[in-house]
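# A look at the structure
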Amino acid sequence: MDFAWAVGHAVMRGAAAALLLASGAPAAQANWLARLARDAGEAGAEATRFEAIGLERAAAYIERLPMTAKGAVLAAHATPEGHWKFVNREGEGFTAGTPEELKRAIPTLLPEAASDGKLAIYLDEDTVFGDRALLKDLPEGASLFVVAGKEGYPLVRRPDAAPDALSAAVRPHLTVALSDHALFEEAVAQLERPLSRASIRTLALEPGGPATLSASPRIDPQTKGALVDAINPAELPRALRSVRGQTVLITGRTEDNLLLFRPSSGSEQSLKLRGLIDAATEADVNLVVLNAEAPRQPGGRNWLWQRISVDGLDDALGASRGAFQAVAAREGSGRVVIRAAPDASGAEPLTGLVGDWLSKVASNVTGNVVTSAVEVHARDEARQSELDNRIVPFIPADYQIAYLLSLIAGLIGWPLARDWWERIWPQEQRGEYRGALGFRAAQAVRLAAFLTVFLPLVGVPAFIGSLALQVWGVVMLPFRFVRRLSSRAPG
């Protein structure tokens, strides 16, 4: 009874203190702190980005490439004036402003390279998305790559496209169109992002099936592999709420706004695709639609669990009976859609053969569903990064950063914040409590309220006030020194 009474007494005093703070603290402080933290993070990210991109990024990438017996590599960047800048592995640079200087670039930077040897030139993104007409000035026969993200991707030209229409071969079976700089970066980020196998859910659309989905995959007790989850198609939009933040794979054939699918028994049925996409957006779910000419529903084990790791969305989808062309587009705030369809144009790399374009093994999801096209409706990179930065899953990262910054500021301004706190919530007196346990419990509640609530709220004002007091102390130091000398002088 004594312990409960003490805790209740302390909580009531804490509630009164919180109400007093709410009435006195400026309402805009939290928003200001969040905006301050966000702007500082964006400014730092932007500065880092400009330091990393361009010729420096391409040069750093070729330094990491393994040394090979054949071939030579250079990093290159085209300036707005039409000049070319080259850098070799050793960091030596050469600028070419005329065709004659361009011819001297390779012998100067790669004196030991054979004249008939293989040359690979790694371009930065600004060059590829800038004036592509300058690419014709590069040495004939050189293999061209674009450095994006953490990798360098071969440039591919589609025979039936315009001369300046290029794609990047992000995998031997998958190319991404280089039509928009931001969307290309988004597509690369999505395809490179590692996926947790525990967050990938393969669904079988079965009318009359379960109306809900479990929060985590069901595991086969014998094989320890994930099982395909059957779901009633009519309940799927509502069921997505229980798998928030995960990646959901469904199989069907899309026609206009319909998703056609064939259950394990019966004829083909349909589901409105737009409503399903909206439900995935609301539930913050990555929705992957595997298009199949024969949209049979998967059954049995999920093959994704048979792999040691899943490197990215393209590997997770296993998407290719040949070359696929991927195109990215914005799909509302915080969402992006990536559509990968068979590339019937027979796109080829600018020079040389890039990978095995025609795989003889048809990839599938569960052993019986062959994928002919893929459509990914997912969180964009900015949204995903914000989620990754969260410490507490359901609180926006901006607020968490603002809370931590204000808490740190409060710790720096601890003496002033402590004086303010003493006026709002005076220290407990031992005589007010019947026993030592109740007294210590009240002290613990008071300390917790100070650290978790009060200090973050007054952190910035306490920091500014403490700093002002220190500055004032430094300013007044000469006067105190003169006064002390005067007091010691003989009368």
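A brief report on the enclosed structure follows.

The rules behind these values
Residues numbered from 1 in each chain as written. Predicted model: local features only at pLDDT ≥ 70, side-chain atom pairs only at ≥ 80, totals over all residues. Heavy atoms only, no water. Helix = DSSP H or I, 4+ residues; strand = E, 2+ residues; numbered from the N terminus. Areas by Shrake-Rupley, 256 points an atom, 1.4 Å probe, with all protein chains shown as cover. Buried < 20%, exposed > 50% of the residue type's maximum accessible area, 1.4 Å probe, protein only. Pairing = 2+ DSSP bridges. Expected span 1.5 Å × (residues − 1). Bend = angle between axes of the 7 residues up to and from the residue. Core = buried A, V, L, I, M, F, W, Y, C linked by side-chain atoms within 4.5 Å. Contact = heavy atoms within 4.5 Å. Axes fitted to C-alpha atoms, helices over the stretch in contact; angles between N-to-C directions. Parallel < 35°, antiparallel > 145°, perpendicular 65-115°, else oblique. Left-handed = near helix turned anticlockwise from the far one by under 90°. Nonpolar A, V, L, I, M, F, W, Y, C, P; charged D, E, K, R; others polar. Polar contact = N/O pair within 3.5 Å; in protein donor to acceptor, adjacent residues only side chain to side chain. Patch = residues over 30% accessible without salt bridge, like charges linked within 9 Å, V, L, I, M, F, W, Y side chains within 5 Å. Salt bridge = Lys/Arg side-chain N within 4 Å of Asp/Glu carboxyl O. Lys, Arg positive; Asp, Glu negative; His and termini not counted. Charge placed at Lys NZ, Arg CZ, Asp CG, Glu CD.

## Digging into the overall build of the protein chain
Scanning the protein chain from N- to C-terminus turns up 13 helices and 18 strands. When the accessible area of the protein chain is evaluated, it comes to approximately 26200 Å², of which 59% is carbon and sulfur surface.

## Observations concerning the pairing of strand β7 (residues 166–171)
Of all six residues in β7, five are buried; the element is thus mostly enclosed. Connecting β7 to the antiparallel partner strand β8 (residues 174–177) that follows it, the hairpin turn spans two residues.

## Regarding the environment of Glu235
Within the secondary structure, Glu235 sits in the loop between β10 (229–231) and α7 (236–239). When the C-alpha atoms of Glu235 and Pro207 are compared, they prove to be 9.4 Å apart, with 28 residues separating the residues in sequence.

## Re helix α13 (residues 436–488)
The first and last C-alpha atoms of α13 sit only 50 Å apart over 53 residues, clearly below the 78 Å expected at 1.5 Å per residue. Its maximal kink placed at Gly459, α13 deviates by approximately 60 degrees, while the proline Pro461 follows within four residues.

## Brief notes about the nonpolar core
Nonpolar side chains tend toward joint burial in soluble globular proteins. The biggest cluster of nonpolar side chains holds 49 residues, and the ones touching the most others in it are Trp84, Phe86, Leu123 and Phe184. Counting residues per element, this core draws most heavily on helix α6 (residues 181–192), at five residues. Apart from the residues within four sequence positions on either side, Phe86 is in contact with Leu74, Ala75, Ala76, Glu92, Gly93, Phe94, Ala96, Leu102, Ala105, Leu109 and Leu138. The next biggest cluster of nonpolar side chains, apart from the first, holds 22 residues, and it includes Val248, Leu271, Ala279 and Ala283.

## Points about the packing of helix α12 (residues 414–424) against α13
Contact geometry of α12 with α13 gives a least axis separation of 7 Å together with a crossing angle of 125 degrees. Classed by the angle they form, the pair α12 and α13 counts as oblique. Seen from above, α12 lies across α13 with right-handed handedness. Between α12 and α13, the contacting residues are Trp414, Leu416, Ala417, Arg418, Trp420, Trp421, Glu422 and Ile424 on the first element and Arg446, Ala449, Phe450, Leu451, Phe454, Leu455, Val458, Pro461, Ala462, Gly465, Ser466 and Leu469 on the second. Here the contact of α12 with α13 is composed, by residue class, of 15 nonpolar, two polar and three charged.

## Remarks on the side chain of Thr175
Structurally, Thr175 can be placed in strand β8. Exposure remark for Thr175: the relative accessible area of 1% places this residue in the buried category. Within the structure, the side chain of Thr175 is placed 2.5 Å from the side chain of Gln325, a separation counted as a polar contact.

## Here we look at a positive patch on the surface
A surface patch of positive charge is lined by Arg480, Arg483, Arg484 and Arg488. Its location among the elements puts Arg483 in helix α13. On the accessibility criterion, Arg483 (56% relative accessible area) is exposed.

## Some thoughts on the environment of Glu112
Positionally, Glu112 belongs in the loop between α4 (99–109) and β4 (119–124). Exposure remark for Glu112: the relative accessible area of 80% places this residue in the exposed category. Measuring from C-alpha to C-alpha, the distance between Glu112 and Ala72 comes to 9.3 Å, with 40 residues separating the pair along the chain.

Keep in mind these values describe shape, not function.
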